[in-house]
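If you want the building blocks of each chain, they are given just below.
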Amino acid sequence: MRGLKWLVELHNRTPLFVKVLGANGFFIVTGALGGYAIARFGLTGNDVLLFIAAGLIFTLVVNFALLRVAFDPLFRLHSVIEAVRSGEFTARSPQIPGDPDVSRLTEAFNLMLDRLNEYRQSVSSQILRALEDERKRIARELHDETSQALTSIIIAQEMVEQGLPEGDPLRERVRFAREYTLRTLEEIRRLTFDLRPSILDDLGLVPAIRWYLKNRLAADGLRITLDVAPEAEEVRLPEETEITLFRIVQEALTNVRKHSRATEVTVRIWLTPGRLHARVADNGIGFSTEEAFHADARGRGLGLLGMRERAALVRGANLRVESEPGRGSVVEVEVPIGG
Ligand SMILES: Nc1ncnc2c1ncn2[C@@H]1O[C@H](COP(=O)(O)OP(=O)(O)OP(=O)(O)O)[C@@H](O)[C@H]1O
Ligand SMILES: [Mg+2]
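This is a predicted model, so every value here is computed, not measured. (Residues numbered from 1 in each chain as written. Chains lettered and ligands numbered in written order. Predicted model: local features only at pLDDT ≥ 70, side-chain atom pairs only at ≥ 80, totals over all residues. Heavy atoms only, no water.)

This next bit is on the coordination of the magnesium ion (ligand 2). For the magnesium ion (ligand 2), the full set of protein donor atoms is Glu 251 (OE) and Asn 255 (OD1), at a range of 2.0 to 2.1 Å. Here Glu 251 and its partner Asn 255 are both found in helix H8 (residues 239–260), 4 residues apart, which amounts to about one turn of the helix. Judged by its relative accessible area of 17%, Asn 255 falls in the buried class. (Donors = N, O, S within 2.8 Å, 3.2 Å for Na, K, Ca; no water. Helix = DSSP H or I, 4+ residues; strand = E, 2+ residues; numbered from the N terminus. Buried < 20%, exposed > 50% of the residue type's maximum accessible area, 1.4 Å probe, protein only.)

Shown next, in the form of structure tokens:
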């Protein structure tokens, strides 16, 4: 037992370079001694062949075992690189004892991934914040300036229309212009909501989602169910968390409408101790999450990746996307509340 422990210790402390040199030195000395013994005792034929075959097999087996064990951390490093490449930015290599050089390499590699991840998160957080701020600014401008101006035009058009005698062709033209302006105003309101739903800032997540489902998602052949636990109804969260949740639900619902061919979609919002959960589930055609999340896949949209980016920026948030072709899909996000 003690001997084995000592051997493991020695293995952990000895660099791969020294191990390979040592093992091969041992084979050369053994081979030379064997050759000397063959010459000394006058062995011939089968004995010599047997000696060469045994030596060869022994050398190969020991080299294979030595290199397999020594390279194991490198194989693991490779699988971590693959995971990071496919978007799992938090994947890290475990510290495997066995070779001091490789251990140092693993440590440096993990540290580098940590730094890159911190940098990536801070950049995407800045980008998302700038994006949301700009959307908010444009939405406010549209609401305060453009919508007000259009409303004044509609009132003026109404006054002109009423001032003209019934049957006057000009009255008909003014009425047409007023309807057109009204439609434009509706369009501007829709755009303002998409840019930044003011209901989200004023009343919170649940009213904003309810409004969105009622006004923006209604589509033929899609049954929409909203199931909100009473205690979740009035929960207010920090602004950034609310907009993150809203955008994730919004993107999940857009995907349901765009891709799922579902007949039913259910949005559930509920609380568990210290956490708020939101879930969008459809009964549509489903998809392969692995393919959809693969950062490399060309021509893919950014919706799911964007969801993951947003969720990663809220401390303690979790995003789960589950789907299989033919089995519908589920997007669930949970965030800590309070504290
Ligand atoms: N609910 C769903 N049902 C079926 N397929 C889906 C669903 N959600 C996503 N997908 C599939 O996953 C792919 C990636 O979705 P993602 O939201 O990332 O991109 P997109 O919707 O194509 O583009 P974007 O969101 O950038 O407009 C979609 O192209 C679609 O094939
Ligand atoms: Mg999408």
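Our focus in this paragraph is the sheet that holds strand S2 (residues 264–272). Read from one edge of the open sheet, 5 strands run S1-S2-S3-S5-S4, paired in mixed fashion. One side of each edge strand has no neighbouring strand; the edge strands of this open sheet are strand S1 (223–228) and strand S4 (318–323). Across this sheet, the average inter-strand angle for adjacent strands is 10°, counted without regard to direction. Sheet analysis places S1 next to S2, joined by 6 bridges and oriented parallel. Bridge pairing in S2 places Ile 224 opposite Val 265. Contacting S1, S2 and strand S3 (275–282), helix H7 (residues 205–217) crosses the sheet at an angle of about 170° to S1. (Pairing = 2+ DSSP bridges. Axes fitted to C-alpha atoms, helices over the stretch in contact; angles between N-to-C directions. Contact = heavy atoms within 4.5 Å.)

Here we come to the domain arrangement of the chain. For the chain, the assigned domains read domain 1 (2–85), domain 2 (99–196) and domain 3 (197–339). A separation of 68 Å is found between the C-alpha centroids of domain 1 and domain 2. Listed per partner, the contact involves 13 residues of domain 1 and 8 residues of domain 2. Carbon and sulfur atoms make up 75% of the surface buried where domain 1 meets domain 2, a total of about 790 Å² over both sides. The interface formed by domain 1 and domain 2 holds 0 salt bridges in total. At the surface where domain 1 touches domain 2, the tally comes to 0 residue pairs in polar contact (both at pLDDT 80 or more). Put simply, the parts of the chain that give the side of domain 1 that touches domain 2 at least two residues each are helix H1 (2–13), helix H2 (16–40) and helix H3 (46–85). Tallying contributions element by element places H3 first for the side of domain 1 that touches domain 2, with 7 residues. (Domains from an automatic or database assignment. Buried area = accessible area lost by both parts, 1.4 Å probe. Salt bridge = Lys/Arg side-chain N within 4 Å of Asp/Glu carboxyl O. Polar contact = N/O pair within 3.5 Å; in protein donor to acceptor, adjacent residues only side chain to side chain.)

Right, let's get into helix H4 (residues 100–163). The terminal C-alpha atoms of H4 lie 92 Å apart, and with 64 residues this matches the ideal 94 Å at 1.5 Å per residue to within 8%. The largest bend in H4 comes to about 30°, at Leu 142. (Expected span 1.5 Å × (residues − 1). Bend = angle between axes of the 7 residues up to and from the residue.)

Around ligand 1 there are 15 residues in total, and Asn 255, Lys 258, His 259, Leu 302 and Leu 304 lie nearest to it. With respect to ligand 1, the side chain of Lys 258 contributes an N or O atom lying 2.8 Å from an oxygen atom. Gly 303 is positioned such that a nitrogen or oxygen atom in its backbone is 3.2 Å from an oxygen atom of ligand 1. Across the complex, the protein chains shield 79% of the 600 Å² of accessible surface that ligand 1 would expose by itself. It is H8 that provides the largest number of residues to the shell around ligand 1, a total of 5 residues. Each residue belonging to the shell around ligand 1 can be placed in one class, and the counts come to 4 nonpolar, 7 polar and 4 charged. (Near = heavy atom within 4 Å. Areas by Shrake-Rupley, 256 points an atom, 1.4 Å probe, with all protein chains shown as cover. Nonpolar A, V, L, I, M, F, W, Y, C, P; charged D, E, K, R; others polar.)

The subject of this paragraph is the pairing of strand S5 (residues 329–336). As a general feature of sheets, a regular strand has side chains that alternate between the two faces. Of all 8 residues making up S5, 7 are buried, and the element is well covered by its neighbours. By the bridge criterion, 8 bridges tie S3 to S5 in an arrangement that is antiparallel. Paired with Ala 281 across the bridge in S5 is Val 330. Note: S4 against S5, 6 bridges, orientation antiparallel. Note that in S5 the partner of Leu 319 across the bridge is Val 333. What sits between the antiparallel neighbours S4 and S5 is a turn of 5 residues, in which Gly 326 has the positive phi angle 85°.

Grouped together as the largest cluster of nonpolar side chains are 43 residues, with contacts concentrated most on Ile 209, Phe 246, Leu 253, Ile 269 and Val 280. Looking at this core, the elements with two or more residues in it are helix H6 (198–203), H7, H8, S2, S3, helix H9 (289–293), helix H10 (303–312) and S5. Sort the elements by how many residues they give to this core and H8 lands first, with 8 residues. Each residue touching Phe 246, except ones within four places of it in the same chain, is listed here: Phe 193, Pro 197, Leu 200, Leu 205, Ala 208, Ile 209 and Tyr 212. (Core = buried A, V, L, I, M, F, W, Y, C linked by side-chain atoms within 4.5 Å.)

The next point concerns unusual backbone geometry. In this structure, Arg 261 takes a positive phi of about 55° despite not being glycine. By the secondary structure assignment, Arg 261 is in the loop between H8 and S2.

Following the sequence through the fold, Thr 184 ends up in helix H5 (residues 169–195). Counting along the chain gives 34 residues from Thr 184 to Leu 150, while the straight-line C-alpha distance between them is 8.2 Å.

Summed over the entire model, instances satisfying the criterion amount to 29 salt bridges. Across the pair Asp 114 and Arg 92 runs a salt bridge, and its minimum N-O distance is 2.7 Å. In this pair, Asp 114 is assigned in helix H4 and Arg 92 in the loop between H3 and H4, connecting sequence segments 22 residues apart. The partner of Glu 334 in a salt bridge is Arg 275, with the nearest N and O atoms 2.2 Å apart. With Glu 334 in strand S5 and Arg 275 in strand S3, this pair connects stretches of sequence that are 59 residues apart. Beyond isolated ion pairs, a larger network of salt bridges with shared partners links Glu 132, Arg 135, Lys 136, Arg 196, Asp 201, Glu 239, Arg 247 and Arg 310.

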